[in-house]
Protein chains: 2
Amino acid sequence: MSVFRLGLVGVGKIARDQHLAAIAATPGLELVATADPHARLDGVTDYRSLAAMLDAEPSLDGVAICTPAHLRHELASLALRRDKAVLLEKPPGATLAEIEDLRSLAAARGQVLFAAWHSRFAPGIATARAWLADKAVRAVAIRWHEDVRVWHPGQRWLWEAGGMGVFDPGINALSIATELLAPFFLRRATLEVPQNCQTPIAAALAFRTAAGVEIEADFDFRHEDPPCWQMRIDTAQGVLTLEEGGARLVIDGETLMEEPEREYPGVYAHFRDLLERGESDIDIAPLRHVADALMLGHRRAVAPFHD
Amino acid sequence: MSVFRLGLVGVGKIARDQHLAAIAATPGLELVATADPHARLDGVTDYRSLAAMLDAEPSLDGVAICTPAHLRHELASLALRRDKAVLLEKPPGATLAEIEDLRSLAAARGQVLFAAWHSRFAPGIATARAWLADKAVRAVAIRWHEDVRVWHPGQRWLWEAGGMGVFDPGINALSIATELLAPFFLRRATLEVPQNCQTPIAAALAFRTAAGVEIEADFDFRHEDPPCWQMRIDTAQGVLTLEEGGARLVIDGETLMEEPEREYPGVYAHFRDLLERGESDIDIAPLRHVADALMLGHRRAVAPFHD
């Protein structure tokens, strides 16, 4: 088996919590170096910038970009122009225009670009997809509730313009829904925005497919622990429920699957596969739905939020 | 010359003000019928719905959809599935997801889909584009100011969620900028939203190209007549200015072109050409920039607006 040599760009919380272990657990991937102006990892060669890493490590096959979203476009552009494959943490950019540009650039350079939506690799998703393939979906209800103080303590950027608020977890639900269901379109949205914040603390979204299936999504940050990350899909042939973000799969009340969360190993196994095949996987749909919701949604001011 | 037979869907203000005369002025196009539940035109066969028109007029080649934006996706889908070409007024849909779906559907059906951005057909645009082709752009300043009470009297929908506010004219500027310039990406946006409205009355946008060119756009509805619809493009080889929305083209202070506005005849000449060639023209970029601005922009509450 060939081994692909990777650099990690942005040594922050998500890199330490998820990416390192997932790379280590994936046969055929090797972490060679990191690039971060402020942080490093014990035992891994480190550079202060992506440019320095690319200059010093010409044999790198690709990079995983785990920086804040607004830095990803410039870094990914540089890596693609230097003929490196790129994995982007979610969301793949700060704007849709940036991601479209990266898609064009990757195609022009013949390089691999992977916009990773980690929730799509939750244990139950592939089985859910296979089960749904021959079913007639009638209605979908998504509930994605969590306590922001538990899951995002002190993350002030969430509440600033571009920070997405409750869409930061909500986009995970949308990444699963867009993976499992026929294309759907936003009809109405209500966004509850704390008076002292720029982004919603809760959102109620009503989508519809071309076939008329209604999809209701309800995101809320004001939920006491434990979180509720649930998607219920009613079909003519039974009810499928994904719970715990896809770690548990229930069909007609019977638990078909319940496994520990291991989304990031799935992300890197897929990246490995894309590298082997020289293919890209860039689905803008989850972020496009967020942009549609923020464009179309009716904003209602609610009580101030203090962390 | 072959003649393409058209139906007009939505007999409202824009259809009467612009589309009828433009179709009549375009050789090779013939208006056969209209579809509107509430309105009709003297001397033109009329139907109460698109479905009724398609049933009764099987020889139609295409339809122009001039309804409110939130109705366009369903109507355009129906027309494409019935193998009719489709022209969409701007914006081509209420959400980006809808437009992406129409793009896929048109490709799958092998049908012509034209997302019309009328400002791209202003007299000076083609000449500006040709002049810019071999110039090095250094900076761009867009000023799109008009008195909303003069140009949009009583249009309450502008101020409701999804109504886009000042982006309704601002998207015209963005449609010209995306036609003339290299791809650009939003860095910052400030949106001024009246306390009693959902959408901005003014917006200040800062974009940058991959080459580092700064593009500043300033949209404002609180401007006394006459309007200022101006774009200044500084290049290493001189300064190009489009005024009056593109009707006047000035290079280094010299007026190269000044012509009466005739954007819609240009729209229909292009649609005629697309029909002849069996090609589509679907550029999502202007609406994508609006969605990016509404996703990334910092909102500031300003004085209430009363029409």
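Every chain is numbered independently, its residues counted from 1 as its sequence is written. Labels follow written order: the first chain is A, the first ligand is 1, and so on. Local features in this predicted model are restricted to residues whose pLDDT is 70 or higher, and side-chain atom pairs enter the listing and the counts only when it is 80 or higher, whereas totals over whole chains, interfaces and linings include all residues. Excluding hydrogens and water, the side-chain values take into account all heavy atoms of the structure.

Chain A is annotated in an unreviewed UniProt entry as Putative dehydrogenase from Halomonas stenophila.

So, the sheet that holds strand E4 (residues 62–65) of chain A
All names here are of chain A. Any two strands between which DSSP finds at least two bridges are classified as paired. Each helix is a run of H or I in the DSSP string that is no shorter than four residues. Each strand is a run of E no shorter than two, and both are numbered from the N terminus. Reading across from one edge, E3-E2-E1-E4-E5-E6 is the order of the six strands in this open sheet, with parallel pairing throughout. What marks the edges here is a single partner per strand, and that holds for strand E3 (45–47) and strand E6 (113–115). The average undirected angle you get between the axes of adjacent strands in this sheet is 25°. Summarising the sheet, strand E5 (residues 85–88) and E6 pair through three bridges and their orientation is parallel. To define axes, lines are fitted to C-alpha atoms, for helices over the stretch in contact only, and angles between the resulting N-to-C directions are given on a 0 to 180 degree scale.

Describing the pairing of strand E1 (residues 4–9) of chain B
Residue and element names in this part refer to chain B. Burial here depends on accessible area, computed with a 1.4 Å probe over protein chains only, as a share of the maximum for the residue type. Under 20% is buried, over 50% is exposed, and the range in between is partly exposed. For E1, a buried count of five out of six residues is recorded, marking the element as mostly surrounded by other parts of the structure. Two strands pair when backbone bridges link them, and E1 and strand E2 (residues 29–35) are joined in this way by six bridges, in the parallel orientation. Its bridge partner being in E2, Gly7 is matched across the sheet by Ala33. Handedness rule for crossovers: strands pointing away from the viewer, path from the first strand over the helix to the second running clockwise, crossover right-handed. Once the chain exits E1 it traverses helix H1 (residues 13–24) before rejoining the sheet at E2, and the crossover so formed is right-handed. Pairing geometry for E1 and strand E4 (residues 62–65), over four bridges, is parallel. Among the inter-strand pairings, Val9 is bridged to a residue of E4, identified as Ile65.

With respect to the environment of Arg120 of chain A
All names here are of chain A. With respect to the element layout, Arg120 can be found in the loop between E6 and helix H5 (123–132). When the C-alpha atoms of Arg120 and Ser175 are compared, they prove to be 6.4 Å apart, with 55 residues separating the residues in sequence. With residues up to four places along the chain from it excluded, the contact list for Arg120 reads Ile125, Ser175, Ile176, Thr178, Glu179, Asp283 and Pro286. Polar contacts, as used here, are pairs of N or O atoms within 3.5 Å; protein pairs need one atom able to donate a hydrogen and one able to accept it. Residues neighboring in sequence count only if both atoms are side-chain atoms. In this structure the side chain of Arg120 is engaged in a polar contact, spanning 2.7 Å, whose partner is the backbone oxygen of Ser175. Only heavy atoms enter the contact rule, under which two residues are in contact if any of them lie within 4.5 Å.

Some remarks on the relation of the copies chain A and chain B
It takes a turn of 180° to lay chain A on chain B, together with a shift of 0.0 Å along the axis; the resulting RMSD is 0.0 Å. Viewed as a symmetry operation, the transformation between the two copies matches a two-fold axis. Proximity to the rotation axis, assessed at the C-alpha, singles out Ala291 of chain A in chain A; its C-alpha lies 2.8 Å from the axis. Both copies present the same face, since 100% of the interface residues in chain A are matched by interface residues at the equivalent positions in chain B. The copies were overlaid with a least-squares fit restricted to C-alpha atoms from residues scoring a pLDDT of at least 70 in each copy.

Here we look at helix H7 (residues 167–180) of chain A
An α-helix turns once every 3.6 residues. As a result, residues three or four positions apart point the same way. In this analysis, the expected span of each helix is defined as 1.5 Å times one less than the number of residues it contains. For H7 of chain A, which comprises 14 residues, the first-to-last C-alpha distance of 19 Å matches the rise-based estimate of 20 Å (1.5 Å per residue) to within 8%. The buried fraction of H7 of chain A amounts to 13 of the 14 residues, a majority that puts the element mostly inside the structure.

Digging into the nonpolar core
Definition of nonpolar core: a set of buried residues of the types Ala, Val, Leu, Ile, Met, Phe, Trp, Tyr and Cys, connected through side-chain atoms within 4.5 Å. Ranked by internal contacts, the top residues of the largest apolar core, which has 162 residues, are Phe219 of chain A together with Phe219 of chain B. Not counting the four nearest positions on each side in its chain, Phe219 of chain A is found in contact with Ile142, Trp144, His145, Val166, Phe167, Gly170, Ala173, Leu174, Ala202, Ala203 and Leu205 of chain A.

Looking at the interface of chain A and chain B
At the junction of the two partners, chain A supplies 29 residues and chain B supplies 29 residues. Buried surface area refers to the total accessible area, computed with a probe of radius 1.4 Å, that the two partners give up upon joining, counted for both partners together. Together chain A and chain B conceal approximately 2700 Å² of surface at their shared face, both sides included; 61% is due to carbon and sulfur atoms. If you sort the residues of chain A by the area they bury against chain B, Phe185, Gln198 and Met295 of chain A come out on top, with a joint share of 23%. Salt bridges are defined as contacts in which a side-chain nitrogen from Lys or Arg sits within 4 Å of a carboxyl oxygen from Asp or Glu. Joining chain A to chain B, the criterion identifies two salt bridges. Across the contact surface, chain A and chain B share eight residue pairs in polar contact (both at pLDDT 80 or more). Those elements that place two or more of their residues in the side of chain A that touches chain B are helix H4 (96–109), strand E8 (184–194), helix H9 (285–296) and strand E15 (298–302) of chain A. Here the element with the most residues in the side of chain A that touches chain B is H9 of chain A; it accounts for nine residues. Classifying every residue of the side of chain A that touches chain B by side-chain character gives 14 nonpolar, eight polar and seven charged. Three classes are used, and their members are as follows: Ala, Val, Leu, Ile, Met, Phe, Trp, Tyr, Cys and Pro are nonpolar, Asp, Glu, Lys and Arg are charged, and the others, Gly among them, are polar.

Considerations on the sheet that holds strand E10 (residues 214–220) of chain B
Residues and elements named next belong to chain B. One open sheet holds the nine strands; their spatial order is E14-E13-E12-E11-E7-E10-E9-E8-E15, and the pairing between them is mixed. Either end of the sheet is taken by a strand with one partner, and the two such strands are strand E14 (254–258) and strand E15 (298–302). The mean angle between the axes of side-by-side strands here comes to 15°, regardless of whether they run parallel or antiparallel. The pairing of strand E9 (residues 202–209) with E10 spans seven bridges and is antiparallel. Note on E10: the bridge partner recorded for Ala203 is Phe219. Running at roughly 165° to strand E12 (residues 238–243), helix H5 (residues 123–132) makes contact with strand E7 (137–145), strand E11 (228–235), E12, strand E13 (248–251) and E14 of the sheet.

Side note on the environment of Gly93 of chain A
The residue Gly93 of chain A is located in the loop between E5 and H4 in this model. Residues Gly93 of chain A and Pro200 of chain A, 107 residues apart in the sequence, show an inter-C-alpha distance of 19 Å.

Things to note about the domain arrangement of chain A
Many structure descriptions define interface size as the accessible area lost when the parts assemble. One can read the domain layout of chain A as domain 1 (4–115) and domain 2 (122–260 + 291–302). Domain extents, as shown, originate in an automatic or database domain assignment. Each of domain 1 of chain A and domain 2 of chain A has a C-alpha centre, and the two are 28 Å apart.

Points about unusual backbone geometry
For the bond from Lys90 of chain A to Pro91 of chain A, the omega torsion is -10°, close enough to zero to count as cis. Within the fold, Pro91 of chain A resides in the loop between E5 and H4. Residue Pro226 of chain B follows Asp225 of chain B across a cis peptide bond; omega there is 0°. If you trace the backbone, Pro226 of chain B turns up in the loop between E10 and E11.

With respect to the packing of H4 of chain A against helix H9 (residues 285–296) of chain B
Packing of H4 of chain A against H9 of chain B leaves a shortest axis separation of 8 Å and a crossing angle of 130°. By the angle between their directions, the pair H4 of chain A and H9 of chain B is classed as oblique. Note on element contacts: H9 of chain B touches H4 of chain A through Arg288, His289, Asp292 and Met295 of chain B, opposite Leu96, Ala97 and Glu100 of chain A. A per-class count over the contact of H4 of chain A with H9 of chain B returns three nonpolar, one polar and three charged. Reported orientations rely on four angle classes, namely roughly parallel under 35 degrees, roughly antiparallel over 145, roughly perpendicular from 65 to 115, and oblique for the rest.

A word on the pattern of salt bridges
Residue and element names in this part refer to chain A. Taken as a whole, this structure holds 50 salt bridges over all chains when the rule is applied. Between Arg208 and Glu214 there is a salt bridge, and its shortest N-O distance comes to 3.3 Å. By relative accessible area, Arg208 is classed as partly exposed at 28%. One network of salt bridges, with partners in common, ties together Arg40, Asp42, Asp46 and Arg48.

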